Amino acid sequence: MTEPPSTLRDLVGAYLAEQCTVITDAEAALRGGENVVHVTRVAVRRLRSTLRVFAELFDVAQAGLLEDELVWWAGLLGTVRDLDILQDRLTTQIAALPPHLVLGPVEATIQTEIATARKTGMDAVLEAMDSERYRNLIALVESWRSDPPFTSAADLPAAKVKGYVKRAEKKVSKRLAASVAALEAGEEGADELFHSARKAGKRHRYAVEATVPLWGAKAEKIVAARKELQDVLGHHQDRAVIAAFLRDLGARIGVRCGVNGFTYGLLHARVVAAGDTLVAEVRPYL
């Protein structure tokens, strides 16, 4: 039986190393055409979250340098991943419509639009992988995997992780409450607040993931609950992206001769209306 980690260095270092390995190992798969964009992006997100939640454990300057480069790489991967999500969600939305309400080649038009944008995004990813900046990023990630720049705070007992996790949890509760209040008050910035709450929720979830070797089943239960909240907030964010896409595409397509924009407007209305239950969905997590 493996001994539980005794220090924060051991506990957080192991989680950090896992994410670094995913990031470095993804290169061959990406170059080979495998769709590992999602898992790579998640590893980048987990690594960034670790730097943020456990900031006191790392050298500030070196953590800042890694964070900046991870933001750059995540942005490129995110463009592709967001389009994959958009395609999946819209395919489901169109399939749910009665056939007589789908006027014209709506699905084919949407697929072409997204596929074109995705190719551009993936080309940018592959081009970036041939750059000196990417090579420097991988070298940086490899150095963090083998020898993270820990501070003396990392030598404290692993049980001290509870304080970091609790602090991350409080941020979720605070941001979620502010989001609900803003939405109920009809404030324009409510969506952005929900997005901020979603990011805080992810950071809390990833912090708890790091504790699994120490907390075991308790951590896994918390992670599962936090994932449920992420799904709720994620669907809300997806709806905002889908609505903007449909409005833009419908406006452009609908004015063409022989093309009917009715279905784009209908899809837009259904997507927006689906968000009416958001407050009720998040209340159990307040």
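Data block above holds the structure.
Remember, it's a predicted structure, so these values are computed and weren't measured experimentally. (Residues numbered from 1 in each chain as written. Predicted model: local features only at pLDDT ≥ 70, side-chain atom pairs only at ≥ 80, totals over all residues. Heavy atoms only, no water.)

Draft legend 1. Seen up close, the overall build of the protein chain. Scanning the protein chain from terminus to terminus reveals 11 helices and zero strands. Listing each helix as α and each strand as β along the protein chain from the N terminus yields α-α-α-α-α-α-α-α-α-α-α. Counting every position in the protein chain, which comprises 286 residues, the buried fraction comes to 44%. By sequence separation, contacts in the protein chain at least 24 residues apart represent 80% of the contacts at least 6 residues apart. By element, 56% of the accessible surface of the protein chain is carried by carbon and sulfur atoms, the whole surface being about 14,600 Å². A gap of 5 Å separates the mean positions of the 37 positive and 37 negative side-chain charges of the protein chain. (Helix = DSSP H or I, 4+ residues; strand = E, 2+ residues; numbered from the N terminus. Buried < 20%, exposed > 50% of the residue type's maximum accessible area, 1.4 Å probe, protein only. Contact = heavy atoms within 4.5 Å. Areas by Shrake-Rupley, 256 points an atom, 1.4 Å probe, with all protein chains shown as cover. Lys, Arg positive; Asp, Glu negative; His and termini not counted. Charge placed at Lys NZ, Arg CZ, Asp CG, Glu CD.)

Draft legend 2. Structural view of the packing of helix α1 (residues 8-31) against helix α2 (residues 37-53). At a minimum axis separation of 9 Å, α1 and α2 run at an interaxial angle of 150°. With respect to α2, the axis of α1 lies roughly antiparallel. Along this stretch, α1 crosses α2, giving a crossing that reads as left-handed. Note on element contacts: α2 touches α1 through V37, V39, T40, A43, V44, R46, L47 and T50, opposite V12, Y15, L16, Q19, C20, V22, I23, A26 and L30. In the contact of α1 with α2, the residues fall into 13 nonpolar, three polar and one charged. (Axes fitted to C-alpha atoms, helices over the stretch in contact; angles between N-to-C directions. Parallel < 35°, antiparallel > 145°, perpendicular 65-115°, else oblique. Left-handed = near helix turned anticlockwise from the far one by under 90°. Nonpolar A, V, L, I, M, F, W, Y, C, P; charged D, E, K, R; others polar.)

Draft legend 3. Structural context of the nonpolar core. By size, the foremost hydrophobic cluster in this structure holds 51 residues, and its most contacted members are F54, L57, F58, L66, W73 and W144. When residues of this core are traced back to their parent elements, those giving at least two are α1, α2, α3 (60-95), α4 (106-129), α5 (132-146), α6 (161-184), α7 (190-210) and α9 (217-253). With near-sequence residues (within four places) excluded, W144 lies in contact with L16, C20, L51, F58, Q62, A63, L66 and P149. Ranked by size, the runner-up nonpolar core spans 17 residues in total, among them I94, I110, L249 and Y264. (Core = buried A, V, L, I, M, F, W, Y, C linked by side-chain atoms within 4.5 Å.)

Draft legend 4. The arrangement of the packing of aromatic side chains in detail. Overall, the coordinates contain five aromatic pairs when judged by the stated rule. Between F58 and F150 the ring centres are 5.3 Å apart and the planes differ by 25°, which places this aromatic pair in the stacked class. Of the two residues, F58 is situated in the loop between α2 and α3 and F150 in the loop between α5 and α6; the sequence distance between them amounts to 92 residues. With relative accessibility at 16%, the residue F150 sits in the buried group. Arranged with centres 4.9 Å apart and planes meeting at 50°, the rings of W73 and Y134 form a pair that is tilted. Here W73, found in helix α3, pairs with Y134, found in helix α5; they are 61 residues apart in sequence, far enough to count as distant. The class of W73 is buried, set by a relative accessible area of 1%. Y134 gets classed as buried once you look at its relative accessible area, which sits at 1%. Members of the aromatic cluster, joined through ring pairs, are F58, W144 and F150. Here the guanidinium or amino end of K218 rests over the ring plane of W215, the centre of that ring lying 4.5 Å away. (Phe/Tyr/Trp six-rings, centres within 6.5 Å; stacked < 30°, edge-to-face > 60°. Lys NZ or Arg CZ within 6 Å of the ring centre and 35° of its normal.)

Draft legend 5. Spatial organisation of the packing of α1 against α4. The N-to-C vectors of α1 and α4 enclose an angle of 125°; their axes lie 11 Å apart at closest approach. Regarding the angle of α1 to α4, the classification is oblique. For the pair α1 and α4, the crossing hand works out as left-handed. Side by side, α1 and α4 meet where E27, L30 and R31 of the first sit next to M122, L126 and M129 of the second. Among the residues making up the contact of α1 with α4, the classes are represented as four nonpolar, no polar and two charged.

Draft legend 6. Region of the structure containing the side chain of T211. Counting through the fold element by element, T211 comes out in the loop between α7 and α8 (212-215). Note on T211: relative accessible area 0%, which makes it buried. Side-chain polar atoms of T211 contact the backbone oxygen of V208, separated by 2.6 Å. Aside from chain neighbours lying at most four places away, what touches T211 is L11, V161, V165, G216 and A219. (Polar contact = N/O pair within 3.5 Å; in protein donor to acceptor, adjacent residues only side chain to side chain.)

Draft legend 7. How the structure looks around α7. Helix length check: α7, at 21 residues, gives a terminal C-alpha distance of 31 Å against a target of 30 Å (1.5 Å per residue), a fit within 8%. For α7, the buried fraction is high: 16 of the 21 residues fall into the buried class. (Expected span 1.5 Å × (residues − 1).)

Draft legend 8. Here's a closer look at α3. The terminal C-alpha atoms of α3, which comprises 36 residues, lie 50 Å apart, in line with the 52 Å expected from a rise of 1.5 Å per residue. Within α3, the axis deviates most sharply at G78, by approximately 30°. Sitting at the head of α3, D59 places a side-chain oxygen 3.3 Å from the backbone nitrogen of A61. (Bend = angle between axes of the 7 residues up to and from the residue.)

Read these as layout, nothing more, since geometry by itself doesn't imply function.
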